[in-house]
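Each chain, written out:
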Amino acid sequence: MISLAGRDILHSLEKFVLTGVGLGLLIGVTLTMAGVYRGMVDDAEVLLDNSGTDLWVVQKDTLGPYAEPSSLEDDTWRGIRAMPGVADAADVTYLTMQVQGIEPTGLRDVRSMVVGIAPGAPGTPGWPPYLIAGRQITHSHYEVVADIASGFRLGEQVQIRRERYTVVGLTRRLVSSSGDPMVFIPLKDAQQAQFLKDNDAIVRNRARTAGNPALNRPGVPGLLDAVIASQSTNPYVNAVLVQITPGYTPDEVAASIRRWKRLTVYTRAQMEDILVKKLIATASKQIGMFLVILALVSAAIVAFIIYTLTLGKIREIAVLKLIGTTNRTIAAMIMQQAVGLGLIGFLVGKIAATFWGPFFPRYVLLEPADTARGFAIVVVICVLASLLAIRAALKVDPAEAIGG
Amino acid sequence: MDKPANQLQKQGIRIEGLKKRYGEGDTAVDALKGVDMQVAPGEVVGLVGPSGSGKTTMLKCLGAVIEPTAGRMTLASEVIYDERWKISDLRALRRDKIGFVFQAPYLIPFLDVTDNVAILPMLAGRPNGEARKRALELLEALDIAHRARAMPSQLSGGEQQRVSIARALVNRPPVILADEPTAPLDSERALAVMRILNQMARQYETAIIIVTHDEKIIPTFKRIYRIRDGRTEEEAGEGRSLQ
Ligand SMILES: Nc1ncnc2c1ncn2[C@@H]1O[C@H](COP(=O)(O)OP(=O)(O)O)[C@@H](O)[C@H]1O
Ligand SMILES: [Mg+2]
């Protein structure tokens, strides 16, 4: 037996291929949407992997530092460092803001996650674990290690708030959960950037403090200066990152920090949970909705095309039935055509998604498992979409071929 | 019963007291009110009659696509209908025992000429090679083998009709039912198709029933069944030579 479906497809190849390409672009969009979601999860995991830390210590009862604001005194780390099982502990700050590229690429704004890292040597918690170019920060001020996604280049001058920095190193795949590239700067600079007020505000604040008789007592020299000094520094960080001594488990060290320091501590698994299940939950639901709609639209297209093609063949189907073709053969013919259309569509979609994926601003991760799943779904959709056409074909009376 | 009559009964096609009623109650239409017909292997008979007389209904009953209401049909010495179908697989009956030729050729547009013919033996489970070999034999007999690889849309109307005759014959059915096979053809081509059908009837021992009101071909029949108001009358035709 020959393949009736195959012959029919070859006979109207142009119509099939054009429809398949249209369907394929739709499937490509669907695969890309799934890829965007996978990319978000993967970004979160890479972020955790590259944070160089085992525990996140944050303000009590917050989901910090990524999902909620968290604030700790910047000497908290000393006490933690001294606890058993802690190999290293360091302050870190996170602040999402605009970083301006100035030289030599010209003025432009890049939305970035500015990470303040504590002084120390490479390997200090919070430091980028590896660079793809340049060197780590060695000076305590005005140096930047930026993720390549920011578009900054080595040696470029960038401005964060009022200060200028030089890009000395580049990393890759370090982005926040909203996809903003990370920009590492020295902790002190970061604390200042978080706190920095404009000159008018400083003057006004100074006047208000001086106007407060309780803080400006004639008999207590130096009090006003001390108060103002304390007001214009920022002794807070967002989290303390902790590395654990081999032989201890993250859970036991986390438990003892919680108990003795009365702070909230997250292990790697808990932080992954926060990033994936809480922070990108809405985004993933959004994408899920898109996937459902795209699947429905694809199904509608396949159903419509196959139905139209079948209606155009009613007379041939009546003849085929009259000369003894079984319903099964006719149903198989229509179903194979639908699946054939799906195959062309899937191929085009896969190629399209692979081609345009890198042009997306966020990382698009096309997982082979998703591709396989997508393929299975396309086949199922095509089979279901062909049922309408099959029903129409089975209702055709072979007597119609003989006519009236 | 004498022997030749018995022979005729055993082969070809025989219809006795066939009735067909469409619908029920007040709106019922008695399209066939008891028709008789007998066609021997190798014989070509005409079935003529005015519009609405029941020709197509008779063809559909014979072709096992609608069920008669009463009567008896025998095909190649097998009783296929006797007050009810005697055959469970009517599809296989149509495929193996009946050839159809329509007014329009009704070829499958996405199959080439060979496969349009070979599809029948293929449907009957023959291997592709064997089916195509049989198809080519018939295409040769019908003088159309040189277009074997062409698509139907590339053929003329007469060529398409010859391909559809090859398709009707390829499974060597004992009977061929043709519904106005010459209607769209001019006189010369119509007679050519009749010549082919007569030749094929002899060559393959097939009984051929041709429904027609085409004045061009009616004189070629040796025997005619005239159907009027749901009943048949047998009459002798002119039997004009086709050579
Ligand atoms: N499906 C049907 N339902 C009801 N009546 C029908 C149907 N088909 C045919 N008839 C009636 O049966 C009679 C015979 O029709 P038909 O066999 O088509 O005649 P012919 O082919 O000789 O023109 C006509 O009166 C026609 O109206
Ligand atoms: Mg008719």
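Because the structure is predicted, anything quoted here is derived from the model rather than measured.

Adjacent strands of a sheet form backbone hydrogen bonds with each other and so pair up, either parallel or antiparallel. Residue and element names in this part refer to chain B. Strand order in this open sheet of four strands is β2-β1-β4-β5, and the pairing throughout is antiparallel. Strands at the two margins of the open sheet, each flanked by one partner only, are β2 (29-39) and β5 (78-82). Across this sheet, the average inter-strand angle for adjacent strands is 20°, counted without regard to direction. Relative to strand β4 (residues 70-75), strand β1 (residues 13-22) runs antiparallel, the two being bridged by five bridges. What sits directly across from R14, in β4, is T74. The strands that helix α2 (residues 55-62) touches are β1, β2 and β4; relative to β1, the one it contacts most, it runs at about 115°.

Ranked by size, the top nonpolar core spans 119 residues in total, and within it I209 and I210 of chain B carry the most contacts. Counting 34 residues, the second-largest nonpolar core is a separate cluster that includes A44, L174, F184 and Y266 of chain A.

Residues and elements named next belong to chain A. Under the 1.5 Å per step criterion, the end-to-end length of helix α7 (residues 250-261) is 16 Å for twelve residues, consistent within 8% with the ideal 16 Å. Turning to α7, its buried residues number three or more, namely V253, A254 and I257. All buried residues of α7 lie within an arc of 100° about the axis, which places them on one face of the element. Within α7, the exposed residues directed more than 90 degrees away from the buried face are D251, R259 and W260. Elements in contact with the buried residues of α7: β1 (55-58), α3 (76-81), β3 (86-103), β11 (239-244) and β12 (264-267).

A few words now on the confidence of the model for chain B. Residues and elements named next belong to chain B. In this model, chain B carries a mean pLDDT of 89, and residues with pLDDT of at least 70 account for 96%. Considering only residues more than four positions removed or in separate chains, one finds that residues 1-9, a stretch of pLDDT under 50, has eight contacts. In the predicted complex, the global pTM is 0.78; the interface-specific ipTM is 0.87.

All names here are of chain A. Judged by which residues are buried, β12 turns out to be covered on both faces: T264 and Y266 on one side and V265 and T267 on the other are all buried. Pairing of β1 with β12, which is carried by four bridges, proceeds in the antiparallel orientation. Counterpart to V57 in the pairing with β12 is V265.

Quick look at the domain arrangement of chain A now. All names here are of chain A. Split by domain assignment, chain A resolves into domain 1 (4-44 + 282-401) and domain 2 (60-196 + 234-262). Domain 1 and domain 2 are separated by 48 Å when their C-alpha centres are compared. Around 400 Å² of area is buried between domain 1 and domain 2 when both sides are counted, 35% of it from carbon and sulfur atoms. Broken down residue by residue, the surface that domain 1 buries against domain 2 is led by D43, R362 and Y363, which jointly contribute 83%. Counting every contact that joins domain 1 to domain 2 gives two salt bridges. The residue R173 makes a salt bridge to D42 at a minimum N-O spacing of 2.9 Å. Run the count over domain 1 and domain 2 and you get three residue pairs in polar contact (both at pLDDT 80 or more). For the side of domain 1 that touches domain 2, a count of residues per class yields one nonpolar, no polar and three charged.

A few words on a nonpolar patch on the surface. Residues and elements named next belong to chain A. Residues L10, L13, V17, V21 and L25 make up a contiguous nonpolar surface patch of about 390 Å² in total accessible area. Here the element with the most residues in the nonpolar patch is helix α2 (residues 13-49); it accounts for four residues. With respect to the helices and strands, V17 occurs in helix α2. With relative accessibility at 34%, the residue V17 sits in the partly exposed group.

Turning to the interface of chain B and chain A, a few remarks are in order. Taken together, the contacts link 26 residues of chain B with 25 residues of chain A. The junction of chain B with chain A conceals about 2,500 Å² of combined surface from both sides, 68% of it contributed by carbon and sulfur atoms. On the chain B side of the interface with chain A, the three residues burying the most area are R91, Y106 and F110 of chain B, jointly 29% of the side's total. Applying the counting criterion to the chain B and chain A interface returns one salt bridge. The salt bridge partner of R7 of chain A is D115 of chain B, with a shortest N-O separation of 2.8 Å. On inspection of chain B and its partner chain A, the count reaches six residue pairs in polar contact (both at pLDDT 80 or more). Elements with a contribution of two residues or more to the side of chain B that touches chain A: α2, α3 (90-97), α4 (113-123) and α5 (128-141) of chain B. In terms of residue count, α4 of chain B provides more of the side of chain B that touches chain A than any other element does, five residues in total. Taken together, the residues of the side of chain B that touches chain A sort by class into 16 nonpolar, two polar and eight charged.

Scoring rules and cut-offs
- Residues numbered from 1 in each chain as written.
- Chains lettered and ligands numbered in written order.
- Predicted model: local features only at pLDDT ≥ 70, side-chain atom pairs only at ≥ 80, totals over all residues.
- Heavy atoms only, no water.
- Pairing = 2+ DSSP bridges.
- Helix = DSSP H or I, 4+ residues; strand = E, 2+ residues; numbered from the N terminus.
- Axes fitted to C-alpha atoms, helices over the stretch in contact; angles between N-to-C directions.
- Contact = heavy atoms within 4.5 Å.
- Core = buried A, V, L, I, M, F, W, Y, C linked by side-chain atoms within 4.5 Å.
- Buried < 20%, exposed > 50% of the residue type's maximum accessible area, 1.4 Å probe, protein only.
- Expected span 1.5 Å × (residues − 1).
- Arc of directions from axis to C-beta.
- pLDDT = per-residue confidence, 0-100.
- Domains from an automatic or database assignment.
- Buried area = accessible area lost by both parts, 1.4 Å probe.
- Salt bridge = Lys/Arg side-chain N within 4 Å of Asp/Glu carboxyl O.
- Polar contact = N/O pair within 3.5 Å; in protein donor to acceptor, adjacent residues only side chain to side chain.
- Nonpolar A, V, L, I, M, F, W, Y, C, P; charged D, E, K, R; others polar.
- Patch = residues over 30% accessible without salt bridge, like charges linked within 9 Å, V, L, I, M, F, W, Y side chains within 5 Å.
- Areas by Shrake-Rupley, 256 points an atom, 1.4 Å probe, with all protein chains shown as cover.

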